[in-house]
Amino acid sequence: MTGAVAGGEVTEQAHILIVDDLPEKLLVFRTVLEDLGQPLVFARSGTEALKEVLAREFAVILLDVNMPDIDGFETASLIRRHRRSAHTPIIFITSYADELQTAKGYSLGAVDYILSPVVPEILRSKVRVFVQLHVLQKRIARQAEERIALAASAAALAVAEDAQRRSACLSEVSHALSGVLEPGQVLQALRARAVPALAADVALLVPAEAAGDPPGEAPLDAPVDASQGADPGGAPDTPDVLDWPLRQGERSLGVLRLQGPTAMGQALGPEVAERVAVALAAAHLHQELQAEIAERRQAEARLAEASRRKDEFIAMLSHELRNPLAPIRNAAEVIRRVAPDDKTLRWASDITDRQVRQLTRLVDELLDVARISQGKIVLQRAPLDLAALAVECLETQRSAIAARRQTLTQAVPESPVWVDGDADRLRQVVGNLVSNAIKYTPEGGGLHVGIARDGGQAMVTVRDTGMGIEPDLLPRVFELFEQGPRTLDRSQGGLGIGLTLVQLLVQLHGGRVEAHSAGAGRGSEFRVWLPASEALAAPAPAAEAAPRAVPVRRILIVEDNIDVADTTAAMLRLSGHTVQVVHGGAEALDAVAAFRPEVVLLDIGLPHMDGYEVARRLRETAACHAAWLVALTGYGQPADRLRGRDAGFDEHLLKPVDPAALEDVIARSGQRPVRHKRLQS
């Protein structure tokens, strides 16, 4: 194909076919390739591309792999069936190319793969090679037609074959480098395809840190002739070494050295160097990504390990805090029982009891947060009236409200507001919100609690006229250990986990919680939404239980903490029980034969032999076959309770134990048949 006559010379034109179904990508290709000064033909499908191939000849075809009607591979196969386009160079454009895909493309005659998004300089350079080859082929063909001489025809054929060989060589080099993922593999892949077609050997001179061109080096846009001599009177000898720069933009990656280059190596050196530079840059990028991925995985592993250790620490801390709380509570109960009816002693005993309960609540909240974070909280769901539950929670807080001379208004409907939830956990939610409002509202302030049904949801509103929430704190108010500014006296107290626990428990129920405040000093409002249930029949009122007389029992206490053991024993002896105390598992096994306990209060965290093992061995003795085994411990997770049942425990009580709860367990100790049949003889 010839173009216009300029200055008496016929200029060759080479049509370039670009096949892509996306208009924006066609626009990009037009912008990148129009500088070549050659006609660009665009097709938006494989069918259109085949029509264009039948209509004219192309120097090169840029073919998208993924198209809606027929994909790029099928289009290439159809193009190859036509005589005119059987050897037209095809460059596949794709966003992803694995080994299988590239092998398929090369089997269809592809000369190269270009990953999308394209690098303009690379695309333009590669297309220019095939345009120049096409123009050269046409020019030789035209000269052959003009001269009709056999010699000219043979020369033109040789040039065309050489161009084809060059194209095939470039294609092989591209294919060899396309799968390289490590910088050290680039030279190995290059040698596999470039020797001996391009040179006797090739080398890569890659600096440790390629930050720029070293001073005094020859310009990197031209080959460095390393030969020592040339014929000054004629054509220069073939150089022994040719060096070609490897660049990525303005960055120097090193030098490609062709040792003993062939004629093809001299001609294709720049193109080969360009492909090597791209492969090196891609390999370096892959290496950096792999290092970053490995670093992130290590960081994630460290975070997971830190989180695990944090949860273990919280569980351990909660257990260790329960140990000193248990004797304090027991001692307070002993004082309450034996002390004269003195107003001051009663006042001091009440204070001790309240503060122990507060410490126990903080320990329980801390442990609950750890359990929920580990997914170890299982809700005991049942239909319940949220309105009645809220009234019950308010009743427990009235003394605290009165002590601060605060006013309470409530909007609780008379009809039930049913939800499907865990009563104990929802009491924590409402109780924590009300307690928070009391704590952060000054004396004489006001509180409001409302329960309502909002469409298919039940809503709890707790509002106060207290210190409010700063705007920068409001988005983080539910985060663990997050609190507003505190004075040195820390008059509000708390660990900063109450609201976190509220949010986690509400989310476990399938609900959500929001915090609102107009700013510091303008009060706060918390709203909780829970999925509402359909109206249910009101449960029958439970019959009031008659006071239970606690029978006198023989009780063995197995506890390594002397204060816990002694105070528990003193409290039980005041109730008339016969009590014996031992401080280890081996002592317990020795004592049961003579003492024959009816109830065993057994700590789990014993030295040398833990409580589970002691329980199993006690069950194997005739003296404890029917005894009521009670775990009295700081370990209260579901897994601990399940393990305790498997070991033979009948009850599981957490330290510090409520004296009334302990007496209730003792009262029930003789009300069940022996369940350890395998131990009977």
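Definitions and cut-offs
- Residues numbered from 1 in each chain as written.
- Predicted model: local features only at pLDDT ≥ 70, side-chain atom pairs only at ≥ 80, totals over all residues.
- Heavy atoms only, no water.
- Helix = DSSP H or I, 4+ residues; strand = E, 2+ residues; numbered from the N terminus.
- Contact = heavy atoms within 4.5 Å.
- Areas by Shrake-Rupley, 256 points an atom, 1.4 Å probe, with all protein chains shown as cover.
- Pairing = 2+ DSSP bridges.
- Axes fitted to C-alpha atoms, helices over the stretch in contact; angles between N-to-C directions.
- Parallel < 35°, antiparallel > 145°, perpendicular 65-115°, else oblique.
- Left-handed = near helix turned anticlockwise from the far one by under 90°.
- Nonpolar A, V, L, I, M, F, W, Y, C, P; charged D, E, K, R; others polar.
- Patch = residues over 30% accessible without salt bridge, like charges linked within 9 Å, V, L, I, M, F, W, Y side chains within 5 Å.
- Salt bridge = Lys/Arg side-chain N within 4 Å of Asp/Glu carboxyl O.
- Buried < 20%, exposed > 50% of the residue type's maximum accessible area, 1.4 Å probe, protein only.
- Phe/Tyr/Trp six-rings, centres within 6.5 Å; stacked < 30°, edge-to-face > 60°.
- Lys, Arg positive; Asp, Glu negative; His and termini not counted.
- Charge placed at Lys NZ, Arg CZ, Asp CG, Glu CD.
- Arc of directions from axis to C-beta.

Let's talk about the overall build of the protein chain
Within the protein chain, the regular secondary structure consists of 17 helices and 23 strands. Within the protein chain, contacts between residues separated by at least 24 positions form 66% of all contacts whose residues are at least 6 apart in sequence. Taken as a whole, the protein chain presents about 35,100 Å² of accessible surface, with 54% of it coming from carbon and sulfur.

Examining the sheet that holds strand E17 (residues 512-516)
Spatially, the five strands line up as an open sheet ordered E13-E15-E16-E18-E17, and their pairing is mixed. Each edge of the open sheet carries a strand with a single partner, namely strand E13 (407-411) and E17. Across the sheet, the axes of successive neighbouring strands diverge by a mean angle of 10°, strand direction being ignored. Note: strand E16 (residues 457-464) against strand E18 (residues 524-531), eight bridges, orientation antiparallel. Note on E18: the bridge partner recorded for Val462 is Phe526.

A closer look at the sheet that holds strand E19 (residues 554-558)
On the basis of which strands lie adjacent, the open sheet formed by five strands has the order E20-E19-E21-E22-E23 and parallel pairing. Since the sheet does not close on itself, it has two edges, and those belong to strand E20 (578-582) and strand E23 (651-654), each with one partner. The average angle at which neighbouring strand axes cross in this sheet is 20°, direction not considered. Packed on one face of the sheet, helix H17 (residues 659-667) meets E19, strand E21 (599-602), strand E22 (628-633) and E23 and runs near 170° to E23.

Comments concerning the packing of helix H13 (residues 562-574) against H17
Relative to each other, H13 and H17 sit at 65°, their axes nearing to 12 Å. The orientation of H13 relative to H17 falls into the category roughly perpendicular. In this structure, H13 crosses over H17, and the sense of that crossing is right-handed. Residues Thr568, Met571 and Leu572 of H13 form the contact with H17, whose own contacting residues are Pro659, Leu662, Glu663 and Ile666. Among the residues forming the contact of H13 with H17, the class breakdown is five nonpolar, one polar and one charged.

Here we look at a nonpolar patch on the surface
Judged by side-chain polarity, Leu285, Leu289 and Ile293 come together as a nonpolar surface patch covering roughly 250 Å² of accessible area. Relative to the helices and strands, Leu285 resides in helix H8 (residues 263-338).

Overview of the pattern of salt bridges
Taken as a whole, this structure holds 27 salt bridges when the rule is applied. A salt bridge links Glu395 to Arg398; the shortest N-O distance between them is 2.9 Å. Remark: Arg398 and Glu395 occur in helix H10 (residues 386-403); sequence separation between them is three residues, near one turn of the helix. Given the relative accessible area of 46%, Glu395 is considered partly exposed. Accessibility expressed as a relative area gives 35% for Arg398, which makes it partly exposed. Arg668 is the salt-bridge partner of Asp664, the closest N and O atoms lying 3.2 Å from each other. Judged by relative accessible area, which is 31%, Asp664 ranks as partly exposed. A relative accessible area of 26% places Arg668 in the partly exposed class. Taken together, the shared-partner salt bridges in this structure form one network comprising Asp112, Lys126, Glu271 and Arg275.

Comments concerning unusual backbone geometry
With an omega of 5°, the peptide bond between Ser116 and Pro117 qualifies as cis. For Pro117, the location among the structural elements is in the loop between strand E7 (110-115) and helix H5 (120-147). The linkage connecting Lys655 with the following residue, Pro656, adopts the cis geometry, with an omega of -10°. Residue placement: Pro656 occurs in the loop between E23 and H17.

Quick look at the pairing of strand E11 (residues 251-261)
One ladder, built from six bridges, connects strand E8 (residues 199-205) with E11; its direction is antiparallel. Counted as the bridge partner of Leu204 is Leu256 from E11. When strand E10 (residues 241-248) meets E11, the two strands line up antiparallel, connected through eight bridges. Bridge pairing in E11 places Leu242 opposite Leu258.

A closer look at the packing of aromatic side chains
This model, assessed by the stated rule, comprises four aromatic pairs. Between Tyr106 and Tyr113 the ring centres are 5.7 Å apart and the planes differ by 65°, which places this aromatic pair in the edge-to-face class. Note on accessibility: Tyr106 and Tyr113 belong to one class, buried. Taken together, a centroid distance of 6.2 Å and an interplanar angle of 85° make the contact between Phe478 and Phe526 edge-to-face.

Focus on the environment of Glu525
Topologically, Glu525 is positioned in strand E18. Its relative accessible area of 14% is what places Glu525 among the buried residues. In this structure the C-alpha to C-alpha distance between Glu525 and Arg463, which are 62 residues apart in sequence, comes to 4.3 Å. Ignoring any residue separated from it by four or fewer positions in sequence, one finds Glu525 in contact with Thr461, Val462, Arg463, Glu514, Ala515 and His516.

So, a negative patch on the surface
Judged by side-chain charge, Glu48, Asp69, Asp71 and Glu74 come together as a negatively charged surface patch. On the basis of relative accessible area, Asp69 is assigned to the partly exposed category, the value being 37%.

Topic: helix H16 (residues 638-647)
Three or more residues of H16 are buried, namely Asp640, Gly644 and Ala647. Down the axis of H16, the smallest arc covering the buried residues is 60°, so these residues share one side. Among the exposed residues of H16, those pointing more than 90 degrees away from its buried face are Ala639, Arg645 and Asp646. Turning to H16, the residues buried within the fold contact helix H15 (611-619) and E23.

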